[in-house]
Amino acid sequence: MLWEYGAIVEDGFELISEQEIREEIGLGLRLALVPLPAAIAFGLLISVSTQSATQAVTTALGITLAIDIFKGLLGDMANYLYASFQPSLIDQSYLQSVSRIVRGYSDVLIDDSVLQLNMWVPFPALILFFAAGLWIVQRRKI
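A few points on the structure. (Residues numbered from 1 in each chain as written. Predicted model: local features only at pLDDT ≥ 70, side-chain atom pairs only at ≥ 80, totals over all residues. Heavy atoms only, no water.)

Observations regarding the overall build of the chain
Reasoning step 1: Each helix and strand in the chain was counted, giving 6 helices and 2 strands.
Reasoning step 2: For the chain, with 142 residues in total, the buried portion stands at 30%.
Reasoning step 3: For the chain, restricting intrachain contacts to residue pairs at least 6 apart in sequence, the fraction spanning at least 24 positions comes to 57%.
Reasoning step 4: Accessible surface for the chain amounts to roughly 9,600 Å². Of this, 65% is attributable to carbon and sulfur atoms. (Helix = DSSP H or I, 4+ residues; strand = E, 2+ residues; numbered from the N terminus. Buried < 20%, exposed > 50% of the residue type's maximum accessible area, 1.4 Å probe, protein only. Contact = heavy atoms within 4.5 Å. Areas by Shrake-Rupley, 256 points an atom, 1.4 Å probe, with all protein chains shown as cover.)

A word on the nonpolar core
A general feature of soluble globular proteins is that nonpolar side chains tend to end up buried together.
Reasoning step 1: Grouped together as the largest cluster of nonpolar side chains are 11 residues: Ala38, Ala41, Phe42, Leu45, Ile46, Ala56, Ala60, Tyr82, Ala83, Ala125 and Phe129.
Reasoning step 2: Looking at this core, the elements that each hand over two or more residues are α2 (36-49), α3 (53-70) and α6 (122-139).
Reasoning step 3: Among the elements that take part in this core, α2 stands out by supplying 5 residues, more than any other.
Reasoning step 4: Beyond its immediate sequence surroundings of up to four residues, Ala83 is in contact with Ile67 and Lys71. (Core = buried A, V, L, I, M, F, W, Y, C linked by side-chain atoms within 4.5 Å.)

Here we look at the pattern of salt bridges
Reasoning step 1: Following the criterion strictly, the structure yields 1 salt bridge and no others.
Reasoning step 2: A salt bridge links Asp68 to Lys71; its shortest N-O distance comes to 2.9 Å. Residues Asp68 and Lys71 agree in their burial class; the two are buried. (Salt bridge = Lys/Arg side-chain N within 4 Å of Asp/Glu carboxyl O.)

What about the packing of aromatic side chains?
Centre distance and the angle of the planes are the two values used to describe a pair of aromatic rings.
Reasoning step 1: For the structure on display, the rule yields 4 aromatic pairs.
Reasoning step 2: With a centroid separation of 5.5 Å and 80° between ring planes, the pair formed by Tyr82 and Phe129 is classed as edge-to-face. Linking Tyr82 in the loop between α3 and α4 (94-102) with Phe129 in helix α6, this pair joins segments that are 47 residues apart in sequence.
Reasoning step 3: For Phe129, a relative accessible area of 14% puts it in the buried group.
Reasoning step 4: Put simply, the rings of Phe42, Tyr82 and Phe129 pair up and form one aromatic cluster. (Phe/Tyr/Trp six-rings, centres within 6.5 Å; stacked < 30°, edge-to-face > 60°.)

A word on α6
Each α-helix winds once per 3.6 residues, and so residues spaced three or four apart point in a common direction.
Reasoning step 1: Taking 1.5 Å of rise per residue, 18 residues should cover 26 Å, and α6 covers 26 Å from first to last C-alpha, within 8% of that figure.
Reasoning step 2: Restricting attention to buried positions, one finds in α6 the residues Pro122, Ala125, Phe129 and Gly133. On an axial view of α6, the arc spanned by its buried residues comes to 60°, and they lie on one face. Opposite the buried face of α6, at more than 90 degrees from it, the exposed residues are Ile127, Leu128, Trp135, Gln138 and Arg139.
Reasoning step 3: Those residues of α6 that are buried are in contact with α2 and α5 (112-120). (Expected span 1.5 Å × (residues − 1). Arc of directions from axis to C-beta.)

So, in C-alpha cells, the structure goes:
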C-alpha cells in the first residue's frame, strides 16, 4: 500500500516478480507475529515472578537482550528458541531476510526447515511460560 515494488532483474532476467515480493512480505509479517504470544507469556511469567513493575520490566528487558545477544553462539540450536524468530535488535528473523530480498539481494536463501521451526517452536514456549506463570500465581500469597 505504501510503496511501489518492481521486479528484481539481474542481467535482463527477472529473478523475483512484484507479486512474489508481496507474498514474501506477507509471509514475513505472519511469521513475525507467530512468536508474539510466546513473548507476551514470557513477560507475564517475569511479571508474576518479581516484586514490582520496575523489577519486572528491567528483568524482562535484561533477559530478552541477553538471549538476543547470545543466541548467535548457539548456532543451529538457536532455531529452537522462540526469540530467534521475533524481530529484535540483532535480527535473524524471516522478516529481516525478506527485507534483503525487497532491497534487491538475489543471494538470500531461506531453508524450509527454518520456516517450519518458525511456525512450531513458539507454541511449546508459550505453553511452558503460561503454565509456569500459572503455577507461580497459585503458589504466591496475596
